[in-house]
Amino acid sequence: MKVARFHAPGDIRLEEVPEPVARPGEVKIRVRNCSTCGTDVKIYRFGHHHIRPPRVMGHEIAGEIVEAGEGVTGWSPGDRVQVIAAIPCGECEECRRGHLTVCPNQESMGYHYDGGFAQYMVVPAKVLAVDGLNRIPDGVGFAEASLAEPLACVLNGQELARVGQGDDVVVVGSGPIGCLHVRLARSRGAARVFLADLNAERLTMAADLVRPDAAICSGETDLVDEVLKLTGGRGADVVITAAASGAAQQQALQMAARQGRISFFGGLPKDDPIIACDSNLVHYRELTIVGANGSSPAHNARALRLIAEGAVPVADLITHRLGLDEVMDAVDVVARGAAIKVTIEP
C-alpha cells in the first residue's frame with residue numbers, strides 16, 4: 001500500500017509498504033479521508049519530539065473497517081468510523097478525575113502510532129479502550145467526519161471559555177480552526193461573532209464562507225480599537241486566540257469586557273512562549289483566562305453529532321481535496337494559508 005512517511009524535517013516520502021494486520025484488540029480501516037492541519041506543516045518543517053521516524057503522518061482520520069482483530073466486539077467490516085487523534089491513557093489520576101484532555105500519558109495518532117496518510121491503517125487497542133472509535137452517522141460523508149477531530153478541539157475550547165447565549169465573541173485567526181470557532185459560537189447562541197486576521201486575503205476567503213458579523217483585518221486597523229467600537233466600548237464577552245500569536249494574546253486582555261473570558265487556544269512557539277500580562281486588567285475586570293489542549297474522546301463523539309445535526313456545517317470549509325500522492329502539495333497549500341481545509345483522499 002502507499003503511505004506518506006515523515007523521515008526528518010523537510011523529508012516526507014511517498015512509499016510502498018506492506019498492509020498492516022489487525023492484532024488482538026485492534027481494527028484495520030481503509031482510510032477514506034485524512035485532513036491536514038497546521039501541525040502537519042510544523043512537523044514537516046521541524047519534526048516533533050514524540051515522533052520517531054519513519055512515521056506515517058495524519059491525525060484527522062475517517063474510514064471504513066475492513067478487519068476486526070481478535071477480541072474486538074461491536075465493530076464489523078463495513079462500519080464507517082472516525083478516529084480520535086489524542087489518546088488518553090484512561091488510568092492515571094487526571095483521567096480518573098475526568099480530565100482526559102490533560103492526561104500526562106497522552107499519545108497521538110500520527111505521532112506515537114502510524115496515522116492516516118495511508119491507504120490502510122490500524123487503530124490501536126488503546127483507542128478502542130477509551131471509546132475513541134466513533135461510528136459516523138448516516139448522511140455524514142467521510143470528508144466531513146474527518147473534520148470532527150478539529151471541531152472536537154474547538155468544542156473543548158468553547159466549553160472551557162463558557163461561550164453561550166448572548167455573548168459577543170472575537171475569534172483571532174481565520175484559518176480552519178477560526179472558521180470552526182465562528183460556526184460553533186453561533187450554534188451555542190452567541191449574539192455576535194467577529195473574525196480577525198493579519199492576512200487580508202485569508203480573512204476575506206474565510207469571511208465569505210462563515211459570514212462573521214464583522215471581519216477585522218488587524219494588519220490594516222487597530223484590532224482592540226475596532227472591537228471596542230463594535231461593542232460600544234464594552235469589549236467582548238469572549239476572546240479566542242486561534243493563532244500562534246503572543247501579540248494576539250496580549251490584545252485579548254485589552255479587548256475583553258468586564259468578567260470576560262479569554263481562550264488561549266493557539267499555543268505559542270516553544271522558543272518564545274512568554275507574553276506581557278497586565279494583571280490589573282485581570283484583577284479589576286475579573287477576567288478569566290483559560291487554555292485549551294486538544295480534545296477528549298467524548299468531544300469527538302459530540303462533534304460528530306453537531307456535524308450530523310447541521311448545527312456546525314463543515315463540508316463547505318473543505319476547499320481542497322487531494323490524493324495521497326499530492327500530500328506535499330497539501331502541506332504547501334496549508335503553509336501558504338491559501339486554503340481553508342485540505343483533505344487527503346488516499
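Before reading on, note that the structure itself is shown above.
Nothing here was measured: the structure is a model prediction, and the numbers come from that model.

Novice: Whenever I open this one, helix 5 (residues 148-160) confuses me. Can you help?
Specialist: One full turn of an α-helix is made of 3.6 residues, so residues set three or four places apart face in the same direction. Relative to the 18 Å expected for 13 residues at 1.5 Å per residue, helix 5 spans 18 Å between its end C-alpha atoms, a close match to the ideal helical length. Helix 5 sits mainly inside the fold: 11 of its 13 residues count as buried. Those residues of helix 5 not exposed but buried are Ala148, Glu149, Pro150, Leu151, Ala152, Cys153, Val154, Leu155, Asn156, Gly157 and Gln158. Arginine 162 lies just past helix 5 and shows a positive phi near 55 degrees.

Novice: Whenever I open this one, the packing of aromatic side chains confuses me. Can you help?
Specialist: Working definition: an aromatic ring pair is given by the centre-to-centre distance plus the angle between the planes. Counted according to the given criterion, the structure contains 0 aromatic pairs. The aromatic ring of tyrosine 120 is capped on one face by lysine 28, whose charged end is 5.0 Å from the ring centroid. Over the face of the ring belonging to tyrosine 120 we find arginine 30, whose NZ or CZ atom lies 5.4 Å from the ring centre.

Novice: Mind showing me how you'd approach unusual backbone geometry here?
Specialist: In terms of backbone geometry, most residues other than glycine have negative phi values and most peptide bonds are trans. For the bond running from proline 53 to proline 54, omega is -5 degrees, close enough to zero to count as cis. As for its position among the elements, proline 54 is in the loop between helix 1 (38-46) and strand 4 (55-56). Even without a glycine there, the phi angle at arginine 211 is positive, about 50 degrees. Residue placement: arginine 211 occurs in the loop between helix 7 (200-210) and strand 13 (214-217).

Novice: Honestly, the environment of aspartate 131 in this entry has me stumped. Any pointers?
Specialist: Residue position: aspartate 131 is located in the loop between helix 3 (125-129) and strand 10 (133-135). Aspartate 131 sits in the exposed class, given a relative accessible area of 61%. Along the backbone, aspartate 131 and alanine 301 are 170 residues apart, and their C-alpha atoms lie at a distance of 9.2 Å.

The rules behind the values
Residues numbered from 1 in each chain as written. Predicted model: local features only at pLDDT ≥ 70, side-chain atom pairs only at ≥ 80, totals over all residues. Heavy atoms only, no water. Helix = DSSP H or I, 4+ residues; strand = E, 2+ residues; numbered from the N terminus. Expected span 1.5 Å × (residues − 1). Buried < 20%, exposed > 50% of the residue type's maximum accessible area, 1.4 Å probe, protein only. Phe/Tyr/Trp six-rings, centres within 6.5 Å; stacked < 30°, edge-to-face > 60°. Lys NZ or Arg CZ within 6 Å of the ring centre and 35° of its normal.

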